[in-house]
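Structure assessment
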Amino acid sequence: MEKFSASEHPHLRYNPLRDDWVVVSPHRAKRPWQGQVEKKAIDDVPRHDPKNPLCPRVTRPSGQVNPDYKNTFIFDNDFPALLPGGPDPPKNDDPLFQAAPAHGNCRVICFHPYSDLTLPLMDVGDIKIVIDTWAAEMINLGKTNQWVQIFENRGAVMGCSNPHPHCQVWASSFLPNEPSVKHRTQREFKEKYGKPMLVDYLEKELSKKEERVLLESSHWVWLVPYWATWPFETMLLPRRHVLRLQDLTDDEKSDLAQMMKNLLTIYDNLFEVSFPYSMGWHGAPTGTYLEEDCSHWQLHALFYPPLLRSATVKKFMVGYEMLASSQRDMTAEQAADRLKALPRVHYKHKTDQ
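Residues numbered from 1 in each chain as written. Predicted model: local features only at pLDDT ≥ 70, side-chain atom pairs only at ≥ 80, totals over all residues. Heavy atoms only, no water.

The cut-off we apply is this: UniProt positions are given in the numbering used here, feature names are shortened, and annotations may be inferred rather than shown by experiment.
Per an unreviewed UniProt entry, the protein carries the name Galactose-1-phosphate uridylyltransferase and comes from Elysia marginata. What the UniProt record of the protein gives under Catalytic activity (unreviewed entry) is the line "alpha-D-galactose 1-phosphate + UDP-alpha-D-glucose = alpha-D-glucose 1-phosphate + UDP-alpha-D-galactose". Looking at the Sequence similarities (unreviewed entry) heading of the UniProt record, one finds this comment for the protein: "Belongs to the galactose-1-phosphate uridylyltransferase type 1 family."

Written as structure tokens, this is what we have:
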């Protein structure tokens, strides 16, 4: 009887954070590709574009003029998805036609005044300022909102309409779907096993570090989750138990700045392109949850890159993935091997060596 091989045979992997399964089909990576090919990301971005609404000294669509900022710059999104005020929808007793209030704040954080920089090309000190800004926004917006979602969409393939280095912060009066599920699954895990899920998970991953762990530092570990869905999906975890971004020490934030520069350099080096992704932070909820026991939570960052085979071929979550179950064409271990083999010096700086 043929022996099972995770790198050759289809199988399911359970994601305990989302309480669902992903289909792993490593044999499909061998199939020829005749589908859509994306345009390669343009690296020739001007340092300052007077028509770019995120650049210093430029007038945004709202009529506001950006200051001549030197590091981070924060402003309320000119086209917000959520508003702090407004009427609530009427209550409806029909279980099939339910609506609920949705209030909040949407902000934009520019990382740097230069449009031709991305996080891996920025100085570590400037990345630390970004992290400090994230933590400050979490505190400020978390006072009155149940959830504060910090996220960066990088690259046109991820729907980013502006190449200037920036992220968004959406703070909401409600707990969104993804963190709501994680709130439940992590609580149930801690009640059953007596330890926060991701604290336990990291300990076990470090004992198997030849498999999925990519980078380690004094305070952080970067790895490919066992249950990863996207081709080169990764997770960034603190070594100690931390509930929220604002709970990090200054040393942990400084170490995080260096770690982010390192890991994003590796991503860029995979296909020698400014690597597209959606990334974001998940930690314990805020607002009224600040007064509750959220010790089941563990802070973590998630990176969801779409590229699969090259800088121009991406993974599509369509068909079976939309109608049945998530599916990936290589194992987490195979993805980790690819990333671990990459140089630590950014490809744009090769000539400096």
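Back to the write-up after that little detour.
1. Details of the pattern of salt bridges
Just so we agree on the cut-off: By convention in these notes, a salt bridge is any Lys or Arg side-chain nitrogen within 4 Å of a carboxyl oxygen on Asp or Glu. The helix and strand labels rest on DSSP assignments: H or I over at least four residues marks a helix, E over at least two residues marks a strand, and numbering proceeds from the N terminus. Only protein chains enter the accessibility calculation, which uses a 1.4 Å probe; a residue whose area is less than 20% of its type maximum is buried, one above 50% is exposed, and one in between is partly exposed.
Applying the stated criterion across every chain yields a total of 23 salt bridges. Two residues, Arg 18 and Glu 178, come together in a salt bridge whose shortest N-O distance is 2.8 Å. Taken as a pair, Arg 18 in the loop between strand 1 (11–15) and strand 2 (20–24) and Glu 178 in helix 2 (residues 177–193) lie far apart in primary sequence, 160 residues in all. Its relative accessible area of 33% is what places Glu 178 among the partly exposed residues. Measuring nitrogen to oxygen at the nearest pair gives 3.7 Å for the salt bridge that ties Glu 211 to Arg 212. Taking the relative accessible area as the measure of exposure, Arg 212 reaches 6% and is therefore buried. One connected set of salt bridges, linked through shared partners, spans Arg 13, Glu 205, Glu 211, Arg 212 and Glu 333.

2. Digging into the sheet that holds strand 1
Worth spelling out the cut-off: In this scheme, strands are said to pair when DSSP sees at least two bridges between them. In this analysis, axes come from line fits to C-alpha atoms, helices being fitted only over the stretch in contact, and the angle between any two N-to-C directions falls in the range 0 to 180 degrees.
Spatial ordering of the open sheet is given by 1-2-14, a layout of three strands whose pairing is mixed. Single-partner strands in this sheet number two, and they are strand 1 and strand 14 (326–328). Across this sheet, the average inter-strand angle for adjacent strands is 35°, counted without regard to direction. Across three bridges, the pairing between strand 2 and strand 14 is parallel. Within strand 14, the residue paired with Val 24 across the bridge is Arg 328.

3. Regarding the packing of aromatic side chains
Test applied: Side-chain rings of Phe, Tyr and Trp, where Trp is taken by its six-membered ring, are said to pair if the distance between their centres is within 6.5 Å; with planes under 30 degrees apart they count as stacked, over 60 as edge-to-face, and otherwise as tilted. Criterion for a charge above a ring: Lys NZ or Arg CZ within 6 Å of the ring centre, and within 35 degrees of the ring normal.
Under the criterion given, the structure shown has 17 aromatic pairs. When the ring of Phe 111 is compared with that of Trp 134, the centres are 6.3 Å apart and the planes differ by 75°; the resulting orientation is edge-to-face. Taken together, the residues span a long stretch of sequence, with Phe 111 in the loop between strand 4 (104–110) and helix 1 (124–142) and Trp 134 in helix 1 at a distance of 23 residues. Like Phe 111, the residue Trp 134 is buried in the burial classification. Plain terms: the ring middles of Trp 220 and Trp 281 are 6.0 Å apart, the flat faces sit at 70° to each other, and that makes the pair edge-to-face. With Trp 220 in strand 8 (residues 220–223) and Trp 281 in strand 10 (residues 277–282), this pair connects stretches of sequence that are 61 residues apart. There is no split in this pair, since Trp 220 and Trp 281 are both buried. What links up through ring pairs into an aromatic cluster is the set Trp 222, Phe 232, Tyr 267, Phe 271, Phe 275, Tyr 277 and Phe 303. A cation sits over an aromatic face here: Arg 60 above Phe 75, 3.9 Å from the ring centre.

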